[in-house]
Amino acid sequence: MQKRTKVSRRAFLETTGAVTGAAMAAGTFAHPAVGAVKGANEKLNIAILGPGGRAQEHIRILKHIRDETKLIDVVGLADVWDGNPEVGHGLYPSAKKLGLDAEGKDKDRITKDYRKLLENKDIDLVLIATPDHWHAKMSIDAMEAGKDVYCEKPMTHTIEEARKVAETVKKTGKVFTVGVQSTADPRFRMANSMIVDGKIGKVLQGQTSYYRNSDVGQWRYYKLTKDMTPKTVDWKMFLGTEFGLAPDQPFDRARYAQWRCYWDFGGGMYTDLFVHQLTHLILAMGVRFPRRVVGAGGLYMEYDGRDVPDVATVVADYDEGCQVLISATMCNDTQLPEVIRGHNATMTFDRTPEKGFRISEQKLASRPAPPGSNTGEGGELFNPQQPREDTRALWEHFLGCVRSSNQETLCPADLGYAAITTVNLGVQSYREGKAYYFDKDSGAVSPADTSWAAHWEKNSHERGKPSQVQGWKAGETGSLLVPPDYQKLEGAWVDGKDPVEKA
């Protein structure tokens, strides 16, 4: 983590205002949504729904912003568990960290029912950091109650939920963002600008990974404590069965505290980890919704009662004529390189953001190089200045968007919807043994058939031109082949006649 620098109230206003204002002036943000604009010196009141493990980092950052600028305050908390000081999160330990009086003046804003906070007219926005299966309902309820929303990734538990959240953002005009930390990394927007200008030629493939290892099993390191019981955990609210969020089942400490291991509440590494990498990758490449997705993997080692695989791969194909590969295992932490491959060059992103990314040129010739001859090393280095903390950068930008009613956050709803659609189709493919199509216009999911391959074969036979990513400005740069002269000899012989002589 980078060293934190103290920021004054004035500097904070200048930072959030400049980020939003400059981007809008440059035409990269949409015009502000219609609605009340919060005054620059008016305090924003925040409520946290789900102050669990990830939310503790948000609490740390929000406390710093609060203390340094006096322009925000965290005034309410909702969680289904009383909490435990040893674990360090839950309802009452989190309230104590924030200086809230759970037994006195703040009692009505420290609750196990988040709806009480949404009824509070003094609360301007909410942070949602609950298990995945609650993200959509809470987001929609909050926006319909007039609150802006910072929702932790993944945006939702299902594709249909994501569509409904995106529709609610449009309907209400509220400011909504998904907390994918890497969208604060300026490398990916810089890369996209270069890609659409034709810097690497026709975009063909993006590749990323999220490998981890653990001797206790992924997510089993979230501690179980004896005082996690039906008396301290509102299990009925956690499940959300009455809202159709998860099936009714007996209380289980593991299913509560280690919920990422079970399909009822999340999507394993497909949704919890792949979203981190996929979101910034499709942002850089200039694609959003996939057309065809297949997911593979299995539970090959972590036989500890979990549902979700310990090895997984998703392959997504796009109408723009390119592909994304995301792969991982939870039992080995050696990464695949993160790259975007174009016909003319390759972008390689260093695992350390401060080390930037490189563009290495392809050596195009009439014969392909042997396997292994190009490792993608070297090339031109691009190294934009990184924010001192990615999550803080997301918050500062989001708060600036809230003040100006600008919906173009660093990870808006349409980007979150595209990412969760891709990884969730990977889950569906893995679990059901089928490849799937997605219709970006209707949101419909259907089993894949032969039409995908037939479409591209037809393009080839008709000598069509390659499709390009969104925003492409480079014409045919790096997108056409140069056939050798002898290729003029091709063609079907009809009635024994050479097509060349006929021509």
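Our subject is the structure that appears above.
As the structure is a prediction and not an experimental result, all values here were calculated from the model.

### Some remarks on the overall build of the protein chain
A count of helical and extended segments in the protein chain gives 15 helices and 16 strands. On the principal axes, the C-alpha backbone points of the protein chain span a range of 95 × 50 × 40 Å. Among the 503 residues that make up the protein chain, the fraction classed as buried is 52%. Put simply, of all contacts in the protein chain between residues at least 6 apart along the chain, 71% involve residues at least 24 apart. Accessible surface, the protein chain as shown: approximately 23,400 Å² in total, 51% of it carbon and sulfur.

### Looking at unusual backbone geometry
Omega for the peptide link from Lys153 to Pro154 comes to -10°, which places this bond in the cis form. A positive phi angle, near 55°, is found at Ser405, a position not held by glycine. Relative to the assigned elements, Ser405 resides in the loop between α12 (390-404) and α13 (413-432). Given a relative accessible area of 9%, Ser405 falls into the buried group.

### Quick word on the sheet that holds strand β4 (residues 125-128)
Spatially, six strands are ordered β3-β2-β1-β4-β5-β6 in an open sheet, and the strand pairing comes out parallel. Either end of the sheet is taken by a strand with one partner, and the two such strands are β3 (110-111) and β6 (176-179). As defined by bridge partners, strand β1 (residues 44-49) adjoins β4 across four bridges and the pair is classed as parallel. In the strand pairing of β4, Ile46 is matched with Leu125. Most of the contacts of α12 go to strand β5 (residues 148-152), to which it runs at about 160°, and overall it touches β1, β2 (72-78), β4, β5 and β6.

### Quick word on the side chain of Arg187
Looking at the secondary structure, you find Arg187 in helix α7 (residues 187-196). Beyond its immediate stretch of four places on either side in the chain, Arg187 contacts Phe349, Asp350, Thr352, Pro353, Gly356, Phe357, Pro384 and Gln386.

### Let's talk about the packing of aromatic side chains
Per the counting criterion, the structure on display carries 21 aromatic pairs. The interplanar angle of 45° and the centroid separation of 6.5 Å between the aromatic rings of Trp263 and Tyr430 together place this pair among those described as tilted. Highlighted residues: Trp263 in the loop between α9 (253-257) and α10 (268-272) and Tyr430 in helix α13, separated in sequence by 167 residues. On the accessibility criterion, Trp263 (12% relative accessible area) is buried. Of the residues examined, Tyr430 reaches a relative accessible area of 24% and is grouped as partly exposed. The interplanar angle of 80° and the centroid separation of 4.7 Å between the aromatic rings of Phe289 and Tyr417 together place this pair among those described as edge-to-face. With Phe289 in the loop between α11 (274-285) and β8 (292-298) and Tyr417 in helix α13, this residue pair connects regions lying 128 residues apart in the sequence. Linked through ring pairs, Trp81, Trp235, Phe238, Phe251, Tyr256 and Phe265 together constitute an aromatic cluster.

### Let's talk about helix α5 (residues 135-144)
Burial analysis of α5 places eight of its ten residues in the buried class, the great majority of the element. Among the residues of α5, those classed as buried are His135, Ala136, Met138, Ser139, Ile140, Asp141, Ala142 and Met143. Residues of α5 that are buried make contact with β1, α4 (115-118), β4, β5, α6 (159-172) and β6. Phi turns positive one or two residues past the end of α5, at Gly146, with a value near 90°.

### Thoughts on the environment of Leu77
As for its placement among the helices and strands, Leu77 is situated in strand β2. You can call Leu77 buried: its relative accessible area is 0%.

### Quick word on the pattern of salt bridges
In the structure shown here, the tally under the stated rule is 29 salt bridges. In this structure, the salt-bridge partner of Glu396 is Arg388, at a minimum N-O distance of 3.4 Å. What makes Glu396 buried here is its relative accessible area of 8%. We classify Arg388 as partly exposed; its relative accessible area is 24%. The network of salt bridges with common partners includes Glu68, Arg388, Arg392 and Glu396.

### Side note on the packing of α7 against α11
The description of two helices packed together rests on the angle between their axes and the distance between the axes. In the contact formed by α7 and α11, the axes pass within 7 Å of each other and the chain directions differ by 30°. By the angle between their directions, the pair α7 and α11 is classed as roughly parallel. Counted together, Phe188, Arg189, Ala191, Asn192 and Ile195 of α7 and His280, Leu283, Ala284 and Met285 of α11 form the full contact between these two elements. For the contact of α7 with α11, the per-class residue count stands at six nonpolar, two polar and one charged.

### Section: the nonpolar core
By size, the foremost hydrophobic cluster in this structure holds 100 residues, and its most contacted members are Val126, Phe176, Tyr256, Ile340 and Met347. The leading source of residues in this core is α13, at nine residues. Sequence-distant contacts of Tyr256, defined by excluding residues within four places in its chain, comprise Asp79, Val80, Trp81, Met228, Val233, Trp235, Phe238 and Phe251. Counting residues in each nonpolar core, the second largest holds 31 residues, with Ile72, Leu91, Leu100 and Ala184 among its members.

Calculation notes
Residues numbered from 1 in each chain as written. Predicted model: local features only at pLDDT ≥ 70, side-chain atom pairs only at ≥ 80, totals over all residues. Heavy atoms only, no water. Helix = DSSP H or I, 4+ residues; strand = E, 2+ residues; numbered from the N terminus. Buried < 20%, exposed > 50% of the residue type's maximum accessible area, 1.4 Å probe, protein only. Contact = heavy atoms within 4.5 Å. Areas by Shrake-Rupley, 256 points an atom, 1.4 Å probe, with all protein chains shown as cover. Pairing = 2+ DSSP bridges. Axes fitted to C-alpha atoms, helices over the stretch in contact; angles between N-to-C directions. Phe/Tyr/Trp six-rings, centres within 6.5 Å; stacked < 30°, edge-to-face > 60°. Salt bridge = Lys/Arg side-chain N within 4 Å of Asp/Glu carboxyl O. Parallel < 35°, antiparallel > 145°, perpendicular 65-115°, else oblique. Nonpolar A, V, L, I, M, F, W, Y, C, P; charged D, E, K, R; others polar. Core = buried A, V, L, I, M, F, W, Y, C linked by side-chain atoms within 4.5 Å.

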